[in-house]
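# Topology and contacts: notes
Take a look at the letters that make up each chain.
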Amino acid sequence: MEKISSYLNTEQSLLVDLVTSAIYGKEYNKTGRTTAENADWDYLIRFSTFHGLNPILFKAINSLESDVVPSEKLYILDNYNRSNTMRSGLLFDRLWDAVNLLRSNGIEPLTFKGSVMASELYGDKASREYSDIDILVHPGSLRKAMELISSSGYNPEIDLPDSYRGVYEKYGYYYSHFAERDNTSLDLHWRLLPSYFSFSPDTEYVMNHSRQVTVDGRSFPTIKPELMIVYLAIHGAKHSWVQLNWVLDLALMAGKDGIDWDDVIRISEIYNCRRMLYAGLLLACSVFGPGIPEDITSRAGSDPDAVRLSEDALSILFPQKTGFRHRMDIQLYFYSTMESNSDRVKFFHDTVLKPTMLEWESVKLPPLLYFLYYLVRPLRLGMKYALGKS
């Protein structure tokens, strides 16, 4: 695999070095004072903001002498840090409220990502940027959980007709909710990923492989680290690794002490996603360094498909030196990580043909005419790309 330096410009290299030094507690000494002084801090902060790394960048600049970072840029980052700290505290409180509400009504939820993962991996809940709350419940408890969440002030973002709920819940995996009182979003999952993919872990399996994590004196059930490593690799591949904070999440989860790597590999083989796992681990190791065991990265590096995919992901993350990546190239990255032909067919169906809430919301059809949504979907996508909309 090529060295990461061949992909980075000066500001990107500086950001990666600063984040790595802050995370691993090493003295900042790679790029040096001269590079920091001459850096385009406007670009660096924009790049960091897009990739969700501002909380770590704010901490990392403490490793630089006080006169290296322009004062107005420090002011911007300080304001961001204050706002992010307040926001993460609010999301943490809302997560606790939701978990308690479900528990008190006989539903055992599982939390993942968000406040709990931030605290576990980054040391506190404000050191990782996140914008919503993610909760997983058993499919059999979904309707009751939705009623409880709605009663607490969260409204579904799309009012799905009852006649379509069964279809959506068979193939979908979460409902988004929004609370206007404090502008918080909550995603209520009954699966981690769409059920029709072979690499989608069964909810029962996930629930049976959970653990408790304590954050600020409060105990939360969450996913065990071995399964979370696999999930983070799938999640990154699903979104074509367009954000560095996802790479850092995987690097830190995989770098935890006591990981049963035989179990990690076994899970990836059960759910037909070893290629995704290996590509994600190689990517995490190349960008954020030494936490992942060498024998694991060596095993991953012996898979040429994983090496190629990790290099493709680097060119998506850092396109300046590797050339512009077309939108379609990025969207097809997930397709290229799939090992099963049936998954690739389902990906095509899911991306191009399968009706989504957007179609249901934009065109109201009675259940008897549901099949017409399979015409609405490609028409809407064609118009979207023809008009250049995202």
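Treat the numbers as computed from the prediction; the structure is a model and nothing was measured. Residues take numbers from 1 onward in each chain, read along the sequence in its written order. It should be noted that, the model being predicted, local features are given only for residues of pLDDT at least 70 and side-chain atom pairs only at 80 or more, the latter also being counted only at that level, while totals for whole chains, interfaces and linings use all residues. To get the side-chain values, all heavy atoms of the structure are used, and hydrogens and water are removed first.

### Focus: the overall build of the protein
Going by this rule: Helix numbers and strand numbers start at the N terminus; a helix is a DSSP run of H or I with at least 4 residues, a strand a run of E with at least 2. Between the two quantities, the radius of gyration covers C-alpha atoms and the globule rule is 2.2 Å times the number of residues to the power 0.38. The cut-offs for exposure are 20% and 50% of the maximum accessible area for each residue type, with area from a 1.4 Å probe on protein chains only; residues under the lower value are buried, those over the upper are exposed, and the others partly exposed. Accessible areas in this description were obtained via Shrake-Rupley with a 1.4 Å probe; residue shielding takes into account the shown protein chains only. Counted charges follow a simple rule, with Lys and Arg positive, Asp and Glu negative, and His plus the chain ends left uncounted. Here the site of a charge means NZ on Lys, CZ on Arg, CG on Asp, or CD on Glu.
From N to C terminus, the protein includes 19 helices and 7 strands. Computed over the C-alpha atoms, the radius of gyration of the protein is 22 Å, within 12% of the 21 Å expected from 2.2 N^0.38 for a compact globule of 390 residues. For the protein, the spread of C-alpha atoms along the principal axes amounts to about 70 × 45 × 45 Å. The proportion of buried residues among the 390 residues of the protein is 52%. Accessible surface, the protein as shown: approximately 17500 Å² in total, 53% of it carbon and sulfur. Mean positive and mean negative side-chain charge positions of the protein (41 and 49 charges, respectively) differ by 4 Å.

### What to know about the side chain of Thr-337
Selection rule: In this description, contact between two residues means that some pair of their heavy atoms is separated by no more than 4.5 Å.
For Thr-337, the location among the structural elements is in helix H16 (residues 327–337). Discounting residues that sit within four places of it in the chain, Thr-337 has contacts with Ala-237, Arg-275, Met-276 and Leu-309.

### What about unusual backbone geometry?
Even without glycine at this site, Asn-183 takes up a positive phi of about 55°. Along the chain, Asn-183 turns up in the loop between strand S4 (174–179) and strand S5 (184–189). Even without being glycine, Asp-216 reaches a positive phi, approximately 50°. Positionally, Asp-216 belongs in the loop between strand S6 (210–215) and strand S7 (218–223). Judged by its relative accessible area of 53%, Asp-216 falls in the exposed class.

### Regarding the packing of aromatic side chains
The criterion, for reference: Here is the rule: rings of Phe, Tyr and Trp (six-membered ring for Trp) pair when centre to centre is within 6.5 Å. Planes less than 30 degrees apart are stacked, more than 60 are edge-to-face, and the remainder are tilted. Here, over-ring charges are defined by two tests on the NZ atom of lysine or the CZ atom of arginine: distance to the ring centre within 6 Å, and angle to the ring normal within 35 degrees.
Inspection of the entire model under this criterion finds 17 aromatic pairs. With 4.8 Å between their ring centres and 10° between their planes, Phe-197 and Phe-199 make a pair best called stacked. With respect to burial, Phe-197 and Phe-199 carry one shared label: buried. Among the aromatic residues, ring-to-ring pairing joins Tyr-171, Tyr-196, Phe-197, Phe-199, Phe-334, Tyr-335 and Phe-347 into one connected group. Here Arg-181 stacks its cationic end above the ring of Tyr-154, 5.2 Å away from the centre of that ring.

Geometric descriptors of this kind do not, in isolation, establish any biological role.
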